[in-house]
Amino acid sequence: MTDEKTATQEKTTAAAIRPGPLPPGSRIGILGGGQLGRMIVLAAARLGYRAHVFCPSSDEPALQVVEARTVASYDDWAAIDAFADAVDVVTFEFENVPSTVVERIGARVPTRPGWKTLHIAQNRLREKDFLRGIGVPTADYREITGIDGLQRAIRDLGTPAVFKSAAYGYDGKGQVLIKSDTDLREAWATMGAELGILETFVDFETEISVIVARGLDGRMAAYDPVENWHANHILDTTIAPARIASRLTMQAEAMARHIAEALELVGLVAVEMFVARDGRLIVNELAPRPHNSGHWTIDACVTSQFEQIVRAVCGLPLGATERHSDATMKNLIGDEVADWLKILSEPGAKLHLYGKAHARPGRKMGHVTRLTPKR
């Protein structure tokens, strides 16, 4: 056995059994270089941690603020192994990282959340099966592998229904609303994947989300449920707290904690839910990382979601999630970022830009959070 292999094994064993928190100066590895990664890096630096970002593109927001970087594809195993050996713990900022990558890294250095959580959350069928298995209500659904199966599922579930790719969908990509007169072959082509899921359409009053953190010791901390409004399938505005009945607030937080516990999560999970018109809560999707609907926490809470994930993955005590202000977070999408100077002159507005050079339709360029006194 080579000295290099011996050193790697010793590091892996020590990291796996180390009971205490990672001390400041340790290096956090982040898979993905988008704006969420950027904000994790900035929060880590405030707590004295260094960061190393791994991403396939050199034109990513996180790379503008990080100390160390690896620009390589997720199938470059030599680069993956070198990255794992250069950091003390690894997390990810989006779900489109292959779970096999996280599993491989986890054999060398702690990954938080682990590959099993990612494996569940990056596939809508596995996610729905998991939620149903732990007693969490979801829309009714069917696995779809072809046009014939889609036709049968529509006969079972009726219309309207939502046809989605099973994996790698976000911001409405790979989704089609199925109506009674929809051309199914056209819908299949729009969905654009080999495996899909058909879900019953939920008639809802409001979409909400809850972000809950869970630490190495199993303790949890939840943020207030927030209300989300979309434009063109992209989150446009988040209102904190959600304008829902107190019983729904308690139910939503309890549901999110139950999911985090069942996942054996170490990190964050955002739980997206519908408030149906009949008063039920129906879980739509999970995101086991910081979430767009949690950006308001940077300016309105004692501990932001980005500081919280650093605390969780480094084994630190979780921070307080209380909000000191109410907030409305507005995404700056495409050319909306051109209003940056006007926003800066607005009292009570907190501007966050992601450093992206080119504004394109549908591209999240930044966000602004407007604070008001806590109700």
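Our structure's up above, just so we're on the same page.
Residues numbered from 1 in each chain as written. Predicted model: local features only at pLDDT ≥ 70, side-chain atom pairs only at ≥ 80, totals over all residues. Heavy atoms only, no water.

### So, the overall build of the chain
Convention followed: Strands here are runs of E lasting at least two residues and helices are runs of H or I lasting at least four, both read from the DSSP assignment and numbered beginning at the N terminus. Buried residues are those whose accessible area, probed at 1.4 Å on protein chains only, stays under 20% of the maximum for their type, while exposed residues exceed 50% and partly exposed ones sit between those limits. The contact definition used throughout considers only heavy atoms, calling two residues in contact when any of these lie within 4.5 Å. Surface accessibility follows the Shrake-Rupley procedure with a 1.4 Å probe radius. Residue values consider only the protein chains on display as shielding. Charged residues are defined narrowly, with Lys and Arg counted positive, Asp and Glu counted negative, and His plus the chain ends left uncounted. Positions of charges follow a simple convention, taking NZ of Lys, CZ of Arg, CG of Asp or CD of Glu.
Looking only at helices and strands, one finds 12 helices and 17 strands in the chain. Expressed as lengths along the three principal axes of its C-alpha atoms, the size of the chain is roughly 65 × 55 × 40 Å. Looking at the chain as a whole, 55% of its 375 residues are labelled buried. In the chain, 62% of the contacts between residues at least 6 apart in sequence involve partners at least 24 apart. For the chain, the computed accessible surface area is about 16,600 Å², with 51% contributed by carbon and sulfur atoms. Positive and negative charge centroids in the chain, built from 43 and 47 side chains respectively, lie 3 Å apart.

### Focus: the packing of helix 7 (residues 147-157) against helix 8 (residues 184-191)
The criterion, for reference: Only the stretch in contact is used when a helix axis is fitted, and all axes are lines through C-alpha atoms; the angle between N-to-C directions ranges over 0 to 180 degrees. Angle categories: roughly parallel below 35 degrees, roughly antiparallel above 145, roughly perpendicular from 65 to 115, and oblique for all the rest. With the far helix as reference, a near helix turned anticlockwise by less than a right angle produces a left-handed crossing, and one turned clockwise produces a right-handed crossing.
Between helix 7 and helix 8, the least distance of the axes is 10 Å, while the angle of their chain directions is 110°. For the element pair helix 7 / helix 8, the angle class is roughly perpendicular. In this structure, helix 7 meets helix 8 at a crossing whose hand is right-handed. Residues I147, L150, Q151 and I154 of helix 7 touch helix 8, and the partners they reach there are L184, R185 and W188.

### Points about the side chain of N123
How we decide: Two N or O atoms form a polar contact when they lie within 3.5 Å of each other; inside protein one atom must be a possible hydrogen donor and the other a possible acceptor, and for residues adjacent in sequence the pair counts only when both atoms belong to side chains.
Residue placement: N123 occurs in the loop between helix 5 (115-121) and helix 6 (124-133). A residue is classified by how much of its surface remains accessible, and N123, at 8% relative accessible area, is buried. For N123, the side chain forms a polar contact with the main-chain nitrogen of L125, separated by 2.9 Å. Excluding residues within four positions of it along the chain, N123 makes contact with A166 and A167.

### Things to note about the packing of aromatic side chains
So the rule is basically this: Two aromatic rings, drawn from Phe, Tyr or Trp (for Trp, its six-membered ring), form a pair once their centres lie within 6.5 Å of each other, and the interplanar angle then sorts them: stacked below 30 degrees, edge-to-face above 60, tilted otherwise.
In this structure the tally under the stated criterion is 4 aromatic pairs. Within the aromatic cluster, the residues linked to one another by ring pairs are F54, Y74 and F83.

### Remarks on the pairing of strand 12 (residues 234-240)
Selection criterion: Two strands pair if DSSP finds at least two bridges between them.
The buried fraction of strand 12 is high, at 7 of 7 residues. The loop that links strand 11 (residues 226-231) with its antiparallel partner strand 12 comprises 2 residues; one of these, N232, has a positive phi angle of about 55°.

### Brief notes about the pattern of salt bridges
Rules: Each salt bridge in this description consists of a side-chain nitrogen of Lys or Arg and a carboxyl oxygen of Asp or Glu lying within 4 Å of one another.
Summed over the entire model, instances satisfying the criterion amount to 25 salt bridges. Measuring nitrogen to oxygen at the nearest pair gives 3.3 Å for the salt bridge that ties D326 to R375. Pair noted here: D326 is in strand 15 (residues 325-333) and R375 is in the segment after strand 17 (364-373), with a separation of 49 residues, a long-range link. When its relative accessible area of 65% is taken as the criterion, R375 is described as exposed. Connected via shared salt-bridge partners are R124, K128, K164, E199 and E285.

### Things to note about unusual backbone geometry
In this model, R112 is joined to P113 through a cis peptide bond whose omega is -5°. For P113, the position within the fold is in the loop between helix 4 (99-106) and helix 5. Here the residue pair T159 and P160 is connected by a cis peptide bond, since its omega of 0° sits within 30 degrees of zero. If you trace the backbone, P160 turns up in the loop between helix 7 and strand 6 (161-165). Unusually for a residue other than glycine, N232 sits at a positive phi of about 55°. Along the chain, N232 falls in the loop between strand 11 and strand 12. Located in the positive-phi region is E264, a residue other than glycine, with phi close to 55°. Along the chain, E264 falls in the loop between helix 9 (246-263) and strand 13 (267-276). Judged by relative accessible area, E264 falls into the exposed class, the value being 65%.

### Here we look at the sheet that holds strand 7 (residues 175-178)
Spatial strand order, 5-8-6-7: 4 strands in an open sheet with antiparallel pairing. The sheet terminates laterally at strand 5 (141-144) and strand 7, the two strands that pair on one side only. Sheet twist, expressed as the mean angle between neighbouring strand axes with direction ignored, is 20°. As paired strands, strand 5 and strand 8 (residues 196-200) are joined by 4 bridges and run antiparallel to one another. Residue Y141 lies in a different strand from strand 8, and its bridge partner there is E199. In this fold helix 7 packs onto strand 5, strand 6, strand 7 and strand 8, with an angle of close to 170° to the strand it touches most, strand 5.

### Notes on the pairing of strand 13
Regular strands place side chains that alternate from one sheet face to the opposite one. Across the 10 residues that make up strand 13, a large majority, 10, are buried. As judged from the 10 bridges shared by strand 9 (residues 204-214) and strand 13, these two strands associate in the antiparallel manner. Residue pairing in the sheet places I211 in a bridge with A270 of strand 13. By the bridge criterion, 6 bridges tie strand 13 to strand 14 (residues 281-287) in an arrangement that is antiparallel. Each bridged residue has a counterpart across the sheet, and for V271 the counterpart in strand 14 is L286.

### Observations concerning the environment of D335
When you line up the elements, D335 lands in the loop between strand 15 and helix 12 (340-344). Take D335: its relative accessible area is 63%, and that puts it in the exposed class. Through-space distance from the C-alpha of D335 to that of A359 is 5.8 Å; in sequence the pair is 24 residues apart.

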